[in-house]
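A look at the structure
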Amino acid sequence: MVRIQEAILVEGRYDRNTLSQIVDAAIFETSGFGIFKNREQMALLRRVAEKQGLIVFTDPDGAGFVIRNHIKSAIPGKYLKHAYIPDIPGKERRKEAPGKEGKLGVEGMTPEVILKALRDCGATVDGEEKVPREPVTKQDFMDLGLSGGPGSSEKRKALLKKLDLPERMSSNAMLQAVNLLYTREEFAELAGQIHNGEKQW
């Protein structure tokens, strides 16, 4: 079992059960949209985030992003890390039918995917050391046509698909994920492939 120093926030008890078999960490639930009305729970999450950091780990569907954005608006970003799982079609074993968007949630992920998502978001794993690297910037996104220009949304979507990241990511969320997952050089190469092999910086 992998020990994570930050607390982890998931949507429901099945997500929590899945994670608790893989990581040793404090795991909290939002109870779906219940977090919107539960001020006491939000106050607790804020205190936990300020004390030891909080990893937001929601499903890649629309509901998951609504919850994620609510947490982002309620807790300062310096205390948060965001773990993302890829868009994978399917349904969890306990369900009779897939969810509305037909994507697997956190509970349906393999231990390998969950651990990769946690490491990629910058989780502090006991016994593992992080190496600093030069970041990709907002200006780089503009230079690559991924933000602030005509067709930037379509280019981002194409690149998100290539990078196996959720299609609903905003430009800022994508930038954060890219900096956690890739070196500047790796990202330049991947982004260049979307633009017919032309490197943009």
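What this report covers is the structure whose coordinates are included nearby. (Residues numbered from 1 in each chain as written. Predicted model: local features only at pLDDT ≥ 70, side-chain atom pairs only at ≥ 80, totals over all residues. Heavy atoms only, no water.)

Tracing the backbone through its elements, the reader meets Ser147 in the loop between helix H5 (138-143) and helix H6 (152-162). We classify Ser147 as buried; its relative accessible area is 16%. (Helix = DSSP H or I, 4+ residues; strand = E, 2+ residues; numbered from the N terminus. Buried < 20%, exposed > 50% of the residue type's maximum accessible area, 1.4 Å probe, protein only.)

In this section: helix H1 (residues 13-20). Looking only at H1, the buried set comprises Asp15, Thr18 and Leu19. The arc that holds the buried residues of H1, viewed along the axis, is 95°, so those residues lie on one side. Taken together, the buried residues of H1 touch strand E2 (7-10), strand E3 (23-24), strand E4 (27-29) and helix H4 (111-120). (Arc of directions from axis to C-beta. Contact = heavy atoms within 4.5 Å.)

So, on to the pattern of salt bridges. On inspection of all chains with the given rule, the structure shows ten salt bridges. We note a salt bridge from Asp87 to Lys103, for which the minimum N-O separation is 3.5 Å. Highlighted residues: Asp87 in the loop between strand E6 (80-82) and H4 and Lys103 in the loop between E6 and H4, separated in sequence by 16 residues. Looking at Lys103, the relative accessible area reads 15%, which means it is buried. The partner of Lys103 in a salt bridge is Glu167, with the nearest N and O atoms 3.2 Å apart. Pair noted here: Lys103 is in the loop between E6 and H4 and Glu167 is in the loop between H6 and helix H7 (171-181), with a separation of 64 residues, a long-range link. One connected set of salt bridges, linked through shared partners, spans Asp87, Glu101, Lys103 and Glu167. (Salt bridge = Lys/Arg side-chain N within 4 Å of Asp/Glu carboxyl O.)

Among the nonpolar cores identified, the biggest contains 23 residues, and Ile4, Ile8, Leu19, Val23, Ile55, Phe57 and Leu118 are the most heavily contacted of them. Of all the secondary structure elements, the ones that give two or more residues to this core are E2 and H4. For this core, the element with the most residues is H4, which contributes four residues. In this view, Ile55 contacts Ile4, Glu6, Ala7, Ile8, Leu9, Lys81, Ala83, Leu118, Cys121 and Ala123; residues no more than four positions away in its chain are not counted. (Core = buried A, V, L, I, M, F, W, Y, C linked by side-chain atoms within 4.5 Å.)

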